[in-house]
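Architecture and fold: a report
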Amino acid sequence: MPEDTPRPGLRMGVLGCADIAVRRILPAIVEHPSVRLVAVASRDGARSARLADRFGCAAVTGYRALLDRDDIDAVYVPLPPGMHHEWVAEALTAGKHVLVEKPLSTTYEQSAELVATAARLGLALTENFMFLHHSQHAAVRDLAREEIGELRVFSSSFGVPPPDPSSFRHDARLGGGALLDVGVYPLRAAQLQLDGELDVLGACLRVDEATGVDVAGSALLSTATGVTAQLDFGFQHSYRSAYALWGSRGRISVPRAFTPPREHRPVVRLEQQDRTTGQTRSAVAGIRVSRSRYQSTTSRRPSSSDRSGR
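Let me begin by describing the structure that accompanies this report.

Comments concerning helix α5 (residues 108–121)
Taking 1.5 Å per residue, 14 residues should reach 20 Å; α5 reaches 20 Å between its end C-alpha atoms and fits that length. Taken residue by residue, α5 has S111, L114, T117 and A118 as its buried positions. Projected onto a plane normal to the axis of α5, the buried residues spread over an arc of 125 degrees and lie on a single side. Within α5, the exposed residues directed more than 90 degrees away from the buried face are Y108, E109, A119 and R120.

Written out as structure tokens, the structure is:
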């Protein structure tokens, strides 16, 4: 293809009108120069019409009708987790590449089946964990190698206040529950920052007897070399979204790990023994690093002059 020939854009369709799609993904699709939003589908025609009018695309009633269109190359699936397996399989069978909200499905067997189907058909299948693509995590990994010595412990927590009572998160049939909604974030962060496979040493879930879904839990995992991962999650909590790496010479904590606002400038805290308190900004990813002695319990915010330097 000649260099001056425009590259064909990826033609996207969306199955469902979930909040995450409206707030985050649809605006990103519309802004991307190489992606064109073609249509959005809902079982409620009026709802898809409202969303289509807002984002400048076609409205479709019913998921199957969207998959039958020949002007769509790929679909984004933000449906409740309990519906992922069915509609991801339908989309792949229809010859569409798929971006699906986490979790890919509600069981290991279903996920393995979908991965195998995508491979057999030569189609892309991607699970949408947005936080993995934030540059702060690679910067933290590099900083940990330089500053905290041998890693001993990884810890992470993700907790949110109770969802609306009408949310699918309270419905076991739709794949509700805290583990699949927020627990997967600390687990995925542990997989990101630790090397090798993780073994589960122990875990517990707290189940709401009225709804039958888990509302909180904890897990202890370990690498083959004995580095442990301590994970906590739930949606009956005050908001917390963090992880930390504790090594032989220091500790790094990331206080806004999973859902930073678009304009957020990440701040991480580096604690080291026998280091004078100071403030520096990492050259990697624009993160701000707050340094302190172990005895210090407060991270200082940057001065006004530091905040102005971007």
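A closer look at the pairing of strand β4 (residues 74–77)
Of the two faces of β4, the one carrying A74 and Y76 and the one carrying V75 and V77 are both buried. When strand β1 (residues 10–15) meets β4, the two strands line up parallel, connected through 3 bridges. Across the sheet, M12 pairs through a bridge with A74, a residue of β4. Note: β4 against strand β5 (residues 97–101), 4 bridges, orientation parallel. Across the sheet, residue V75 finds its bridge partner in β5, namely V98.

Here we look at helix α4 (residues 84–93)
Among the 10 residues that make up α4, 7 are buried, leaving the element largely enclosed by the rest of the structure. Listing the buried residues of α4 in full gives H84, H85, W87, V88, A89, A91 and L92. Looking at the buried side of α4, the elements it contacts are β1, α3 (63–67), β4, β5, α5 and β6 (125–128).

A short note on the pairing of strand β12 (residues 250–254)
With 4 of 5 residues buried, β12 lies mostly within the body of the structure. Judged from the 4 bridges that link them, strand β11 (residues 240–247) and β12 form a sheet pairing that is antiparallel. The partner of Y243 across the bridge, within β12, is V254. Between β11 and the antiparallel strand that follows it, β12, lie 2 residues. With 4 bridges joining them, β12 and strand β13 (residues 267–272) adopt antiparallel strand pairing.

Topic: the sheet that holds β4
Taken together, 6 strands build an open sheet; the order of strands is β3-β2-β1-β4-β5-β6 and the sheet is parallel. Edge positions in the sheet fall to β3 (58–61) and β6, since each of these pairs with one other strand and no more. On average, each strand axis in the sheet is inclined to that of its neighbour by 25 degrees, with strand direction left out of account. Set on the sheet, helix α1 (residues 19–31) makes contact with β1, β2 (35–42), β4, β5 and β6; between it and β2 the angle comes to about 150 degrees. Sheet strands in contact with helix α2 (residues 45–55) are β2 and β3, and its direction is about 160 degrees off that of β2.

Calculation rules
- Residues numbered from 1 in each chain as written.
- Predicted model: local features only at pLDDT ≥ 70, side-chain atom pairs only at ≥ 80, totals over all residues.
- Heavy atoms only, no water.
- Helix = DSSP H or I, 4+ residues; strand = E, 2+ residues; numbered from the N terminus.
- Expected span 1.5 Å × (residues − 1).
- Buried < 20%, exposed > 50% of the residue type's maximum accessible area, 1.4 Å probe, protein only.
- Arc of directions from axis to C-beta.
- Pairing = 2+ DSSP bridges.
- Contact = heavy atoms within 4.5 Å.
- Axes fitted to C-alpha atoms, helices over the stretch in contact; angles between N-to-C directions.

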